[in-house]
Every structure is written in structure tokens, then in C-alpha cells.
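# Residue-level structure breakdown
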Amino acid sequence: MACVHHSLPYPTFLHAHTATSAARALSGVGRVRIHPLTCPGVEGRSADGPSPLVEYERIVERNVQQSRVDDSDKSNKENAKLRKRYMKEGVAMAQRYLAQTLGLDVSVASVEIVLSIDSVLKTDGCLASCFLDAGCSHIVVRVKGGEVAKALEACDVTRVPRERLILQWKSGERLFPESVQSQMAAIEERVGTLSIQHTTPVASEKLEWEELKTWKQSSKGKDLRCIVQLSFAGDVSIDDLSATVQSISKVFDEDTGAISLVDPTATQLGMSYAACLKTDRADGFYPTIVVTRSNEALGLVYSSKESIIAALECGRGVYWSRSRGGLWRKGDTSGRHQTLHKIDADCDGDALRFMVTQHGEDRKAFCHLDTLSCWGEPNGIRHLEQTLARRLVDAPAGSYTKRLFDDDELLRDKLVEEAQELSEAESRQHVAEELADVLYFAMVKATKAGVSIDDAVVELDKRSKKVTRRKGDSKAFRIEAGKQILGGKKS
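Notes on the structure in this doc start here. On a predicted model such as this, the values are computed, not experimentally measured, just so you know. (Residues numbered from 1 in each chain as written. Predicted model: local features only at pLDDT ≥ 70, side-chain atom pairs only at ≥ 80, totals over all residues. Heavy atoms only, no water.)

## Digging into the environment of cysteine 126
The condition is simple: Each helix corresponds to a stretch of at least 4 residues labelled H or I by DSSP, and each strand to a stretch of at least 2 residues labelled E; elements are numbered beginning at the N terminus. Each residue is placed in one exposure class: buried if its accessible area under a 1.4 Å probe, protein chains only, is under 20% of its type's maximum, exposed if it is over 50%, and partly exposed if it falls in between. Any two residues whose heavy atoms approach within 4.5 Å at even a single point are treated as in contact.
Note that cysteine 126 resides in helix α5 (residues 126–133). Residue classification places cysteine 126 among the buried residues on the basis of a relative accessible area of 7%. Between the alpha carbons of cysteine 126 and arginine 62 there is a distance of 9.5 Å; along the sequence they are 64 residues apart. Apart from the residues lying within four places of it in its own chain, the contact partners of cysteine 126 are Asn63, Gln66, Ser67 and Arg83.

## Description of the nonpolar core
Operational definition: To define a nonpolar core, start from buried Ala, Val, Leu, Ile, Met, Phe, Trp, Tyr and Cys residues and group those joined through side-chain atoms within 4.5 Å.
Among the nonpolar cores identified, the biggest contains 98 residues, and Ile34, Leu98, Phe131, Phe176 and Leu212 are the most heavily contacted of them. Apart from the residues lying within four places of it in its own chain, the contact partners of leucine 98 are Ile34, Gly103, Leu104, Val106, Val111, Phe131, Ala134 and Cys136. Residues Leu388, Leu404, Phe405 and Val444 belong to the second largest nonpolar core, which totals eleven residues.

## Things to note about unusual backbone geometry
Working note: non-glycine residues mostly have negative phi, and peptide bonds are mostly trans. Even without being glycine, arginine 159 reaches a positive phi, approximately 55°. Mapping arginine 159 onto the fold places it in the loop between α6 (148–158) and β5 (165–170). Even without being glycine, asparagine 295 reaches a positive phi, approximately 70°. Turning to its location among the elements, asparagine 295 is positioned in the loop between β9 (286–291) and β10 (297–303).

## As for the pairing of strand β1 (residues 10–13)
Basically, it comes down to this: A pair of strands is considered paired only if DSSP assigns at least 2 bridges between the two.
Relative to strand β8 (residues 257–262), β1 is paired through three bridges, and the arrangement is parallel. Paired with proline 11 across the bridge in β8 is leucine 261. Bridge count for β1 against strand β2 (residues 31–34) is two bridges, and the pairing is parallel. What sits directly across from threonine 12, in β2, is arginine 33.

## Considerations on the packing of helix α14 (residues 380–393) against helix α17 (residues 428–448)
For clarity, the threshold we go by: For helices, the fitted axis covers only the stretch in contact; all axes are lines through C-alpha atoms, and the angles between them, taken along N-to-C directions, range from 0 to 180 degrees. Throughout this description, any angle smaller than 35 degrees is read as roughly parallel, any larger than 145 degrees as roughly antiparallel, any in the 65 to 115 degree range as roughly perpendicular, and the remainder as oblique. In this scheme the crossing of two helices becomes right-handed for a clockwise turn of the near helix relative to the far one and left-handed for an anticlockwise turn of less than a right angle. The residue classification treats Ala, Val, Leu, Ile, Met, Phe, Trp, Tyr, Cys and Pro as nonpolar and Asp, Glu, Lys and Arg as charged. All others, Gly included, are polar.
Between α14 and α17, the shortest axis-to-axis distance is 10 Å and the interhelical angle comes to 50°. Of the possible angle classes, the one that applies to α14 and α17 is oblique. The hand of the α14/α17 crossing is right-handed. The residues of α17 that touch α14, namely those facing Ile381, Leu384, Glu385, Leu388, Ala389 and Leu392, are Leu439, Tyr440, Met443, Val444 and Thr447. In the contact of α14 with α17, the residues fall into nine nonpolar, one polar and one charged.

## Brief notes about the sheet that holds β9
Reading across from one edge, β10-β9-β14-β13 is the order of the four strands in this open sheet, with mixed pairing throughout. The strands lining the two open edges of the sheet, one partner per strand, are β10 and β13 (338–345). Recorded for the sheet is a direction-independent mean angle of 25° between the axes of neighbouring strands. One ladder, built from six bridges, connects β9 with β10; its direction is antiparallel. When the bridges of β10 are listed, valine 291 appears paired with alanine 297.

## Remarks on the packing of aromatic side chains
Keep this limit in mind: For Phe, Tyr and Trp, rings pair up if their centres lie within 6.5 Å, where Trp contributes its six-membered ring, and each pair is then called stacked (planes under 30 degrees apart), edge-to-face (over 60) or tilted (otherwise).
Applying the stated criterion to the full structure yields ten aromatic pairs. Between tyrosine 97 and phenylalanine 131, the ring centres sit 6.3 Å apart and the planes meet at 70°, which makes this aromatic pair edge-to-face. Of the two residues, tyrosine 97 is situated in helix α3 (residues 77–101) and phenylalanine 131 in helix α5; the sequence distance between them amounts to 34 residues. Its relative accessible area of 0% is what places tyrosine 97 among the buried residues. Under the relative-accessibility criterion, phenylalanine 131 is labelled buried at 0%. Ring geometry for tyrosine 400 and phenylalanine 441: centres 6.4 Å apart, planes at 90°, overall edge-to-face. Of the two residues, tyrosine 400 is situated in helix α15 (residues 400–406) and phenylalanine 441 in helix α17; the sequence distance between them amounts to 41 residues. Assessed through its relative accessible area of 34%, tyrosine 400 is described here as partly exposed. Note on phenylalanine 441: relative accessible area 5%, which makes it buried.

Put into C-alpha cells, the structure is as follows:
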């Protein structure tokens, strides 16, 4: 029995620095956990910049400032503005920390960040919301010294959805110590995932997981998941590592559990990942669909254990060439390489999907026939994007698109005009027509600014992880500016 999609192994950065080139590519499995007090250490990012630890502590302090501003009196507009300012500053700092300092792409990878109980409590939960708004998928509240009740208090203070909270503890003689078992009912009410930080000698692997089987039976129907954060007491062979991962994975059904390896190498993570896959092919390869950030299929290739490891080592699209009998590092010959964003498996665990950004100086083509995909030229918005990119470089005489590229005021006016027409459209057909107009002019604006469809997808994916929502009221000054444009007045 192989692991299923949701239980595929992922890395936990406990002591290793995530921003090294070797470590950054490991987030390509689509999920990562970070311990900000230990994983960046005290290494300086640059001669004139703060260390990652200092940077993280500044984020905590900004959230402390936010928590101390009393905005309970809704008539006190100054306090409301000040708290909002601190909130926005904290989120911006957290975004820079995750993206630039740790080198994580939160729009693709599910980033779990481990927070201490004290940091959550002293910020009145603001720190948890801050990191979720910055793009993290989960907050991990770490139990220290058996203080489960205090950890649950911290979970309450966060005021974030239960499914976004993970409670982590360190195992001792048992995976589920008495301090946890005695509070299990309260834990289940507050968090959606349990996490066990466990160090194991390989020899005892089979005995240790009996507790997981007991937990699995007792948790049926409770919408509760469990993660085993695994490290080893000494050196471990790849065979023993793979066997241990498989023994844990057999306990978990789909979406009930997962395995995280502490500070793994690309080889350890890749082989553990492959141990959770299955194939009925005689050659042992895995069919692999290569897709864009928007999940558009580019082509069908094949992966091997060796190619999975190679991809996680370099953060690029690397596959197995059956004709050459070796690694196929996409772009080494053609120059049209790929940035790897995410590897995942299908529901049966017998096929892979590589999410990439396709590059190419002359043409962004995956296929050897010089098309983006192996199914020919795209249609719809992607076709429009490619056409506009060509028009920007070499537009034919009399091109209206070229005129829009050259006339900022005309492009602005058309964007406002078409958006207004869309807002007033009523029939299904009319809405579709006006939406097509808006998309065209918006894509002209984006192409001129060097912004792609995938760039917009990144922003949408980031926003989906936020827990703090704005009221979303219309802005009077924007409405007035639109009226002036539509009325023929020059702003």
C-alpha cells in the first residue's frame, strides 16, 4: 500500500536555513514547515541588513504594538487608524521575511509557521493573523514543557479558523503523552491538526506506530488530522528511511495524516516521496503531467526516483528521458528551461504533476514544435497574452493594440469605459461580451507593464490565504475620478 496524495512527505526546517539554494528547492513538494527561532539561526542576510532572527523579532514587536492599541471604542477614529497602520506594517514585514529572507513562494507552497505560546499571547493573537495574512497556510502552536492548557489558551487568543491551527508537541516514551490525552476533547474543539515532533531509532519503527493506529480509530468522523514530524537519533540509510516513511503512511487514510522530515537533503526527501508513490509500469517510471501556474497542461513526460531528486536539488523541471535512458534537464540544450514551483501526486498516487513556469529567450515553448504546449497553440486568455506579447515587440501597421501601448491616456480611458459598461450589463450574453472587452484592455495594460496571467494567479492565491478581510466599501474619490473620465473631463 502506498501513501495517498495528502500524506506525501514534506520538509520541516528546524535548524537548516531555508534561503540556501539547496534548501529552497525542497519547498517544491508544495508544503513546508518553518521554525523561525531556529531555522534561520543568526546568520546575517547581508552586511547592511538585519539577521533573519532579528527581522522575525521585529515582526513580533510590531504585532505587540498593534495589540496594545485599544480600538473597542468605534468612535475613536485615531486609534482605529493606528491599529490598522500597525497591522499593515506587520503584514508587509512578514511578507518580506517569508519571500526575501526565507525564499518561500507562499502562493504555491503551503507554509506552516511554528509560533511559541508566549509570542502568541503577548501579541493577543495578532501575530497569528499577521502571518496568515502574509500568506502562511497554518499556524503551529508549540506545546512546551507539557503546558497543554496554556497552548490551548494561545489557540483561543488567535481567533483564527480551527482548520488553520496545528497543535504540536514533542513525544517522549509515547507519541501521545498523558498531558495530551487528558486534554484531547478540548484540543479537538480548537485545532484541526495534531503534530508530533518525534525522534526515532529505526529499529523500533513498527512498534511506535501502533499508537497512531489507535488514534486513527478514535478520531474517525472528527475532521482531525495528524502529522508526524520525523527525525532520527543517528545516521539513517535511504532504505531504512523509506521503510519508516512507508510504515507510517500505511496508518493514514486519505487526508487524515502526513509525514514531515526534519532538515532533509534532496535525496532523503526525494526518496521518501517516491516511497509514497506507486506504478504499474515495468520500467518503474511515473507518468508526469507538466502544467503552468494556471494548471494548463504543457505536456506528458516521465519521472524516475533519480529525476525527482534532481528536480528537488535544482528547483527546475527535470524528468527522465526514455529514449536517452537518462536525466532530461529541460532547457539545457534548447535554453527553454523551467522554474519548478510544485510537485504533487494524483489521488491514486500513481501519476505526478509538475507545476512550472516555462522560460525561453526567443519563445516560451515546452514542445519541440515551438508551441507552448504539446497540444498546439493555446486559446482564450493565454492566446490573447501571447498575441499581445508579439504586438508589443512587432505590431503591424495600423494596429489598435499598438496604439493602446503608445497612448497611456487612451488605455486608461478605455479601461474605465469598459468597466462601466460591464457594471451596467444585464443579460448573460451582454455580461460575457463586456467581460471580454475588459479582459482585453486589462491584458494590454498588464502586457505593457510586463505582468503575466501567472503573476495575477500568484496574487489571487496569496489573497485566498488571508484571514483579515476589509469592509470593501467603494472609494468616493475613485468613483469621482471615473465620472470625470467618462464625462470627458481631463483629470
